[in-house]
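Each chain is listed here by its residues.
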Amino acid sequence: MTTMTRRGALASMGAALATPALVSNLNAAEVTLRLHHFLPPVAPMQKQFFEVWASELSEATNGAVEIQIFPAMQLGGKPPQLADQVRQGICDIAWTLPVYTPDRFPVAETMSLPFMVTNAEKSSVAMHTLMDEFGQGEYRGIKPLAFHTHDGGKLHTRNAPVLSKADLDGLKLRAPNQATGDMLSALGAEVVFFPVTDMVVGLSNGVIDGCCLPYEVVPAFKLQELTSYTAAPAPASRGLYSNTFAFIMNEAKYESLSDDVRAAVDAASGMALSQRLGAQFDVFEAGGKAAVEAQGNTIVEIPADEIASWQEEAAPVHEAWIEKLNGMGHDGAAIMARANELLDAG
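Residues numbered from 1 in each chain as written. Predicted model: local features only at pLDDT ≥ 70, side-chain atom pairs only at ≥ 80, totals over all residues. Heavy atoms only, no water.

Draft legend 1. Quick peek at the pairing of strand 4 (residues 142-149). Taking burial as the measure, the eight residues of strand 4 include seven buried ones, the bulk of the element. Sheet topology note: the strand 4/strand 10 (residues 244-250) ladder contains seven bridges and is antiparallel. In the strand pairing of strand 10, Ala-146 is matched with Phe-247. (Buried < 20%, exposed > 50% of the residue type's maximum accessible area, 1.4 Å probe, protein only. Helix = DSSP H or I, 4+ residues; strand = E, 2+ residues; numbered from the N terminus. Pairing = 2+ DSSP bridges.)

Take a look at the structure:
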C-alpha cells in the first residue's frame, strides 16, 4: 500500500470518528470501559496508541465514553490470562497475543509462524482479512476490535553477525515463540525459551549469544547495548517471524451499549484500526533501528537466496501447523494458502 493510500485510510477513519451522525443522539450518561494490557505505562504503545485511541473515542461520543487504561497488569493476573479476563468481564477491553495461550486461537496464531510477515502494516491487513474469512469462531464471547502484527524479527547477536546457516551452527539464541524456535533449531542454533527480562540477564552474562526480535523491542530493553550485530533479511524477502496481536472487547459489554455508542466503537475499530496499528508498529520499528544505529552497532543483510533456503528449512514447521489446524476442524491448507496469498498481494 502506498504512503498516500495509507494516509487516506487513516484520514477516513478520523473522519468517520468525527461524523455527526454517530454522535448526534448519544446518551448523555457516561460509559466507562476498562482497558487492560501488560506493557509499562511509559511504553510507546501506551502513549502513542492506547491514550490517543481512548481520547478519540471519547471525543467521537461527545464524552459519553470514558476509557480507563490499566497498564502493567494493574487489574491483576498475568498476560496469558488477558483473553479470559475480557471474556469474564474483569476488564472490558484488552490487548494481547494469541501465542500467550498456544493452540487456543490457532487461526490468529498462523501468522506468527516463520516467514509469515512482510512489514507490520501490510501483514496486519492480511491478518485481519484472514480472521474475517477463517477465524470468526475463535473469539466466542469476545468482540475483536482489531488484529495486527509487528514487523519481522531480526537476529541480534553479541560476538559475530549472522549471514548464513553456517553462522547459526551452535549459536545460543533466545526464540520468541515455539514455531520460530523450531525453525532456528532446524538451522542449527541452540534455542532457549525464557521471558525477555531473563533474556537481558542472559545476554549480559553470556549465557546466550543473541536473540530474535524486531527492532521495536530494542530500546525498551537496551538491547543495542547488550549486542553488537543485527542481521536482517534482504528487503525483498519475508521477515523471519512476527508475533500476532488481538485487541479485543467483552461482547456482552459491547451489546449493552446504546446503538449510537456501538456505532462509534465500530467506527473506531475493524480493518482501519488493524491497518493503523500495523502502521504504528512500523513507526516503532524505525525508532528501534535508529537506536541500534546510534549505538554504532553493525547491521548486516542476510542475502535473499540464503533466506530462501531458510524458508525451505521451515517447511516442516508449516506442514506441522497445517496438520494441527486440520485436527482442530479447520482446513489447514486453505488457511495457509490464503495467508500466503494475502502477504504476496500486499
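So that's the structure; there's more coming.
Draft legend 2. Seen up close, the nonpolar core. Counting residues in hydrophobic clusters, the biggest one holds 65 residues, and the most contacted among them are Met-45, Trp-53, Trp-95, Tyr-139 and Phe-247. At six residues, the largest contribution of residues to this core is made by helix 3 (residues 44-60). If sequence neighbours within four positions are ignored, Trp-95 has contacts with His-36, His-37, Phe-38, Leu-39, Met-45, Phe-50, Leu-82, His-148, Phe-245, Ala-246, Phe-247 and Phe-281. Residues Ala-189, Leu-203, Cys-212 and Leu-240 belong to the second largest nonpolar core, which totals 31 residues. (Core = buried A, V, L, I, M, F, W, Y, C linked by side-chain atoms within 4.5 Å. Contact = heavy atoms within 4.5 Å.)

Draft legend 3. Structural detail: the sheet that holds strand 2 (residues 65-70). Ordered in space as 2-1-3-10-4, the five strands form an open sheet in which the pairing is mixed. Each of the sheet's edge strands pairs with one partner strand only, and the pair in question is strand 2 and strand 4. Sheet twist, expressed as the mean angle between neighbouring strand axes with direction ignored, is 20°. Bridge analysis of strand 1 (residues 31-36) against strand 2 gives six bridges, and the strand direction is parallel. (Axes fitted to C-alpha atoms, helices over the stretch in contact; angles between N-to-C directions.)

Draft legend 4. Inspection of the environment of Asn-205 at higher detail. Its place among the elements puts Asn-205 in helix 9 (residues 196-205). A relative accessible area of 48% means that Asn-205 is categorised as partly exposed. With 21 residues separating them in the primary sequence, Asn-205 and Leu-226 have C-alpha atoms 9.7 Å apart. In this structure the side chain of Asn-205 is engaged in a polar contact, spanning 3.0 Å, whose partner is the backbone nitrogen of Val-207. (Polar contact = N/O pair within 3.5 Å; in protein donor to acceptor, adjacent residues only side chain to side chain.)

Draft legend 5. Quick peek at helix 6 (residues 120-134). Here helix 6 spans 20 Å end to end across 15 residues, near enough to the 21 Å set by a 1.5 Å rise per residue. Within the span of helix 6, buried status applies to Ala-120, Glu-121, Ser-123, Ser-124, Ala-126, Met-127, His-128, Thr-129, Leu-130 and Met-131. At the N-terminal boundary of helix 6, the capping side chain belongs to Asn-119, with an oxygen 3.3 Å from the backbone nitrogen of Glu-121. (Expected span 1.5 Å × (residues − 1).)

Draft legend 6. Here's a closer look at the pattern of salt bridges. Applying the stated criterion to the full structure yields 15 salt bridges. In this structure, Lys-324 engages Asp-103 in a salt bridge whose closest nitrogen and oxygen atoms are separated by 3.1 Å. With Lys-324 in helix 15 (residues 304-327) and Asp-103 in the loop between strand 3 (93-96) and helix 5 (106-109), this residue pair connects regions lying 221 residues apart in the sequence. Judged by its relative accessible area of 33%, Lys-324 is partly exposed. (Salt bridge = Lys/Arg side-chain N within 4 Å of Asp/Glu carboxyl O.)

Draft legend 7. Spotlight on the sheet that holds strand 9 (residues 229-233). If you walk across this open sheet you meet the six strands as 7-6-8-5-9-11, and the pairing is mixed. Edge positions in the sheet fall to strand 7 (190-192) and strand 11 (298-302), since each has one partner strand and no second. Direction aside, the axes of adjacent strands within the sheet are offset by 25° on average. Pairing of strand 6 (residues 172-174) with strand 8 (residues 210-213), which is carried by two bridges, proceeds in the parallel orientation.

Draft legend 8. View of empty space enclosed by the protein. By the definition in use, this model includes one cavity of 30 Å³ or more. Roughly 40 Å³ of volume is contained in the largest cavity. Lining the largest cavity, in full, are Pro-80, Ala-83, Thr-96, Leu-97, Pro-98, Tyr-100, Thr-101, Phe-105 and Tyr-139. Residues of the lining of the largest cavity, tallied by class, amount to seven nonpolar, two polar and no charged. (1 Å grid on protein atoms, 1.4 Å probe; cavity = no way out; pocket = protein on both sides within 12 Å on 5 of 7 lines; lining within 4 Å. Points joined across faces, edges and corners; volume = space filled by probe spheres on them. Nonpolar A, V, L, I, M, F, W, Y, C, P; charged D, E, K, R; others polar.)

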